[in-house]
Structures are given as structure tokens and as C-alpha cells.
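One letter stands for each residue in the lines below.
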Amino acid sequence: MPPSSRTYLVTGAASGIGEATAARLRAAGHTVIGADLTTEAAGVAIAADLATEQGRAELAARARELTGGRLDAVIACAGLAHFTPATLKVNYFGAVATLERLRPLLAAGTDPRAAVVASVAAVHPSDPAIVDAALAGDEAATTAAAQRAIDRGEGYLLYGSSKAAIARWVRRTAVTPDWAGAGIPLNAIGPGTVLTPMTEGMLADPATRQAVDTAVPMPLHGHAHPEQIAPLLTWLTSPENTHVTGQLLFIDGGAEALLRPT
């Protein structure tokens, strides 16, 4: 093990961006503890459903056991894109729980860093009732607001609302004494369309693919592969990142610049 080896915990490590990031880190000689819904997937040591309180508690407890109480970096990649309240439970409350509950382990680490996967969808239309309830930490109210959106035929707002909320949480949290004050950079990334199991079904249908490409136009190289997203997460959680914090860094082939040209 090289002297610069670090210990990472990556959620959503069984597929997509999480799997690609974990593989990249392991190839560089780092220790990676993967977490996902099941330990049957290669490289996954912790099974935890982040849509539930039990799963969030299990993640924190097992992480402490497996690391001896210290982590150098946490990368929260687990996410959903369903038209159900579970999208908010995983993308926002699961991500926040991951970062908050593992922060004490980071504080005991060396050059600690943290990052979460948001999305360019954070700049899409969102439901203010969902976002405000999430940022207030009220999971019951968030679930109720999400269900109301579904009932009125606006379930498509859930994903963007979850990503807008987590990006705002990062921005306000990163500069607090527990994070910046403790020397722990905390950032989010905003990918465009990435070719993962989550997007596979949508992109297979020509009409849906056209709708996706209209919502997320990517003039630079088009859709990304998970392996093209992993280097940014790797750098943000490396000791080289000393001053970038509280940011939503878009890695979207130019989508955000087209959607928000000013």
C-alpha cells in the first residue's frame, strides 16, 4: 500500500458513477468501502437502503466498524430518478444522512474531503414546497409535498427538486464550523446525461431520448460515461483540493451554459 493511500467510502458503488469512481480510486491504490442496496455486487461491503432510517443508521454503524472510526473521504453517489417520494428520501435525505453521520469519521481522517452527486437537473424547474421542506429537514412534509406533485401530474419535478435541494444544502453547509471550520471541503457535482443503468431505459426509447436531450443539451461530446465523471470526484476529494468548497461544479457538456446563458 503506497504511503499516500487514503480510505474512501462511496455510496451507490454497485453501478454507474459510484462504481466507476470506486474502481478509479482502487486502481490508484486507495482503500474503498463501497455501499449499496446489496453486498452481492463486487466491491460493496455495506448493504444499506438510504431511503430508510434503518439503512442510514446501518451505513454509519458499519462504516465505523470497518474503518476503526476514521475516513479520509466520502463520496455520496447513491441516487434514484423515480416518480415516487423515494427519490427525495434517497437523493436528499439519504445523501445528507451519509455526509452528516460520517463527518465525525472524516474529522478523524487525514486531509478529509466530501462530495455528493447532484445534477444539472438542479437548474430545471423544481417544486418550492418540496425543496423548502427538505431544507427544513422535515422528511414527512417533503414526502407529502412530493406526493401532492405526483397527484397533480407533476412527478417529473421530483428529481430536479431533490438535486436542487442537495446543491443548496451543500452550499449553506460547506462554510459552517463543522465543515470549512474543521478543514473539510464539501462540494457537489452536476453531471449532464450519463450512460448508467438509471438512464438506460429512458435513452432506449427514441421519443424519450429526444426529450432528455432537449432538457439536457450537451454540445461538448454528448452523453458522458461514468468513467468520465469519476476524475472530477476523485480530484475534489483529494488532498490537492485545498480551497474549493460549497460549489456545484457542472460536468455536463455545456448543458448548464445553454440552459442559463446569463
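What you are looking at is a predicted structure, and each value in this text was computed from that prediction instead of being measured.

Cut-off values and rules
Sequence order sets the numbering: in each chain, residues are counted from 1 along the sequence as written. The model is predicted, so local features are restricted to residues of pLDDT at least 70 and side-chain atom pairs to those at 80 or more, both for listing and for counting; the totals for chains, interfaces and linings are taken over all residues. Note that water and hydrogens are dropped before the side-chain values are worked out from all heavy atoms of the structure. Secondary structure elements follow DSSP: runs of H or I of four or more residues count as helices, runs of E of two or more count as strands, with numbering from the N terminus. Radius of gyration: over C-alpha atoms. The globule rule applied is 2.2 Å multiplied by the number of residues raised to the 0.38 power. Classification of residues uses two cut-offs on accessible area relative to the type maximum, computed with a 1.4 Å probe and protein chains only: under 20% is buried, over 50% is exposed, and between them is partly exposed. Only heavy atoms matter for contacts: two residues are in contact if any of them lie within 4.5 Å across the pair. For two strands to be treated as a pair, DSSP must find at least two bridges joining them. Looking down the strands as they point away from you, a crossover is right-handed if its path from the first strand over the helix to the second goes clockwise. Note on method: axes are straight lines fitted to C-alpha atoms, helices fitted across the in-contact stretch only, with angles between N-to-C directions ranging 0 to 180 degrees. Oblique is the label for any angle not covered by the other classes, which are roughly parallel (under 35 degrees), roughly antiparallel (over 145) and roughly perpendicular (65 to 115). Handedness of a helix crossing follows the sense of rotation of the near helix relative to the far helix, less than a right angle counterclockwise being left-handed and clockwise being right-handed. For this classification, the nonpolar set comprises Ala, Val, Leu, Ile, Met, Phe, Trp, Tyr, Cys and Pro, the charged set comprises Asp, Glu, Lys and Arg, and every other residue, Gly included, is treated as polar. Both site types are read off a 1 Å grid over the protein atoms alone. A 1.4 Å probe that fits but cannot get out defines a cavity, while an open set with protein on both sides within 12 Å along at least five of seven lines defines a pocket; lining residues have an atom within 4 Å of a point. Grid points are joined across faces, edges and corners, and a volume is the space filled by probe spheres set on the points. Think of a polar contact as two N or O atoms within 3.5 Å of one another; within protein, one of them needs to be a possible hydrogen donor and the other a possible acceptor, and neighboring residues in sequence only count if both atoms come from side chains. Remark: nonpolar core denotes a set of buried residues (Ala, Val, Leu, Ile, Met, Phe, Trp, Tyr, Cys) joined through side-chain atoms within 4.5 Å.

Draft legend 1. Main features of the overall build of the chain. Of the regular secondary structure elements, the chain holds 10 helices and seven strands. Since a compact globule built from 262 residues should have a radius of gyration of about 18 Å, the 17 Å found for the chain is in line with a globular shape. Overall, the C-alpha framework of the chain stretches about 50 × 40 × 40 Å when taken along its three principal axes. Here the chain holds 262 residues, and the buried ones make up 50% of them. Excluding contacts between residues fewer than 6 apart, the proportion of contacts in the chain whose partners are at least 24 apart in sequence is 75%.

Draft legend 2. Expanded view of the pairing of strand S4 (residues 73–76). Of the two faces of S4, the one carrying Ala 73 and Ile 75 and the one carrying Val 74 and Ala 76 are both buried. Pairing of strand S1 (residues 7–11) with S4, which is carried by four bridges, proceeds in the parallel orientation. Across the sheet, Val 10 pairs through a bridge with Ile 75, a residue of S4. Here S4 pairs with strand S5 (residues 113–117) via four bridges, running parallel. Note on S5: the bridge partner recorded for Ala 76 is Val 116. Note on the crossover from S4 through helix H3 (residues 86–107) to S5: the handedness is right-handed.

Draft legend 3. Highlighting the packing of H3 against helix H6 (residues 157–173). Taken N-terminus to C-terminus, the directions of H3 and H6 make an angle of 20°; their axes are 8 Å apart at the nearest point. Compared by their axis directions, H3 and H6 come out roughly parallel. Judged by the sense of rotation from one axis to the other, the crossing of H3 with H6 is right-handed. Between H3 and H6, the residues in contact are Thr 87, Leu 88, Asn 91, Tyr 92, Ala 95, Val 96, Leu 99 and Glu 100 and Leu 158, Tyr 159, Ser 162, Lys 163, Ala 165, Ile 166 and Trp 169, respectively. A breakdown of the residues in the contact of H3 with H6 according to their chemical character gives 10 nonpolar, three polar and two charged.

Draft legend 4. Structural detail: empty space enclosed by the protein. Under the defined criterion, the tally for this structure stands at one cavity of 30 Å³ or more. Its boundaries defined by the atoms lining it, the largest cavity holds a volume of some 50 Å³. Lining the largest cavity are 13 residues, with Thr 11, Ala 76, Ala 78, Val 90 and Ala 95 positioned closest to its centre. The set of elements that each furnish at least two residues to the lining of the largest cavity consists of H3 and S5. No other element matches H3, which puts five residues into the lining of the largest cavity.

Draft legend 5. Local environment of helix H4 (residues 128–135). If you check which residues of H4 are buried, you get Ile 130, Val 131, Ala 133, Ala 134 and Leu 135. Among the structural elements, H3, helix H5 (139–151) and H6 are those in contact with the buried residues of H4. The N-capping residue of H4, defined by a side-chain oxygen 2.8 Å from the backbone nitrogen of Ala 129, is Asp 127. Just past H4, the residue Gly 137 takes up positive phi, approximately 80°.

Draft legend 6. Inspection of the nonpolar core at higher detail. One finds Tyr 92 and Trp 169 to be the most contacted residues of the largest nonpolar core, which totals 35 residues. Elements supplying a minimum of two residues to this core: strand S2 (31–36), helix H2 (53–67), S4, H3, S5, H4, H6 and strand S6 (186–191). The leading source of residues in this core is H3, at eight residues. Residues Ala 73, Ile 75, Cys 77 and Leu 232 belong to the second largest nonpolar core, which totals 20 residues.

Draft legend 7. Up close: unusual backbone geometry. Its identity is not glycine, yet Asp 111 carries a phi of approximately 45°, on the positive side. Note on placement: Asp 111 falls in the loop between H3 and S5. You can call Asp 111 partly exposed: its relative accessible area is 37%. Positive phi, close to 70°, is recorded for His 221, a residue that is not glycine. Within the element layout of this structure, His 221 appears in the loop between helix H8 (206–215) and helix H9 (226–236).

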